[in-house]
Amino acid sequence: MIQICCKNNKITKTIAEGRTLFQIMDQLNLQTEQKPICALVNNKVADLNYVLTENSTVQFLDISNTVVRRIYYQGLILVFAKALSDTFPNASIADTTSMTYGVWCSVGIDGGMTADKVRSVKKRMQEIINADLPIEKHTDFSENVIALLKEKERNDAVALIETRGTIYATYY
């Protein structure tokens, strides 16, 4: 058993070790206006699938938090990348930059970007959002991730991982 102190409502609870943040939200009687997106666990950002294994101080964060907004924008970029790839498999994205209330990027696509292509990608993005598909984080040996990316002809990502020279790589 471990102790969890929730900063949102100043409640401390004893819970079974190995539970996720998502699983303990009800136990903590969390009352928030917005749905929590992630949490600070001992002052480190963690997703709601984070498994609690030790006594911790937890603060659940919603979209009103600037850290969460950055996470949200990254999620939108992943949804956009998937929608673009699904709709136009040979298209590429470069130079993604978060801006106030938006994201800017350069899209490489045969024939250039047109209003019809934008509508197609927007439609696919909405389908992905409506399907509530999870964004899954995977970690594997760098050589395995490189092989996967080479199959998808993502040479930019291959070069990045090779340059880092780490044993493991993370992909979504």
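Before going into details, it helps to say that this report is about the structure given with it. Per chain, the residues get numbers from 1 upward, laid out in the order the sequence is written. Local features in this predicted model are restricted to residues of pLDDT 70 or higher, and side-chain atom pairs are both shown and tallied only at a pLDDT of 80 or more, whereas totals for entire chains, interfaces and linings draw on every residue. Each side-chain value is worked out from all heavy atoms of the structure, with water and hydrogens disregarded.

## Regarding the nonpolar core
Take the buried residues of types Ala, Val, Leu, Ile, Met, Phe, Trp, Tyr and Cys, join any two whose side-chain atoms come within 4.5 Å, and each joined set is a nonpolar core. Only protein chains enter the accessibility calculation, which uses a 1.4 Å probe; a residue is then buried when its area is under 20% of its type maximum, exposed when over 50%, and partly exposed in between. Among the nonpolar cores identified, the biggest contains 16 residues, and Ile 4, Leu 21, Ile 24, Leu 52, Val 58 and Phe 60 are the most heavily contacted of them. By definition, any uninterrupted DSSP run of H or I lasting at least four residues is a helix, any uninterrupted run of E lasting at least two residues is a strand, and each is numbered from the N terminus. Residue assignment for this core shows that the elements contributing at least two residues are strand 1 (2-6), helix 1 (21-24), strand 3 (38-41) and strand 5 (56-61). Residues are treated as being in contact if the distance between any of their heavy atoms lies within 4.5 Å. Once residues within four sequence positions are removed from consideration, Phe 60 is found in contact with Cys 6, Asn 8, Leu 21, Ile 24, Met 25, Leu 28, Leu 30, Pro 36, Cys 38, Ala 39 and Leu 48. If you look at the next biggest cluster of nonpolar residues, it comprises nine residues, including Val 79, Ala 83, Ala 91 and Val 121.

## As for the layout of surface pockets
Size it by volume and the second largest pocket reaches roughly 180 Å³. A pocket, in this scheme, is an open set of points on a 1 Å grid over the protein atoms alone with protein on both sides within 12 Å along at least 5 of 7 lines, while a cavity is a set where a 1.4 Å probe fits but cannot get out; residues line either one if an atom lies within 4 Å of a point. Along the walls of the second largest pocket sit Leu 76, Ile 77, Phe 80, Ile 93, Thr 96, Gly 102, Val 103, Trp 104, Cys 105 and Met 125, which together make up its complete lining. Of all the secondary-structure elements, those providing two or more residues to the lining of the second largest pocket are helix 2 (66-87), strand 6 (92-99) and strand 7 (102-108). Among the elements that take part in the lining of the second largest pocket, strand 7 stands out by supplying four residues, more than any other. Side-chain classes are defined by residue name, with Ala, Val, Leu, Ile, Met, Phe, Trp, Tyr, Cys and Pro counting as nonpolar, Asp, Glu, Lys and Arg as charged, and the others, Gly among them, as polar. Across the lining of the second largest pocket, the residue classes tally to eight nonpolar, two polar and no charged. Grid points are joined across faces, edges and corners, and a volume is the space filled by probe spheres set on the points.

## Remarks on the side chain of Thr 20
Within the element layout of this structure, Thr 20 appears in the loop between strand 2 (11-15) and helix 1. On the basis of relative accessibility, which here comes to 14%, the residue Thr 20 falls in the buried class.

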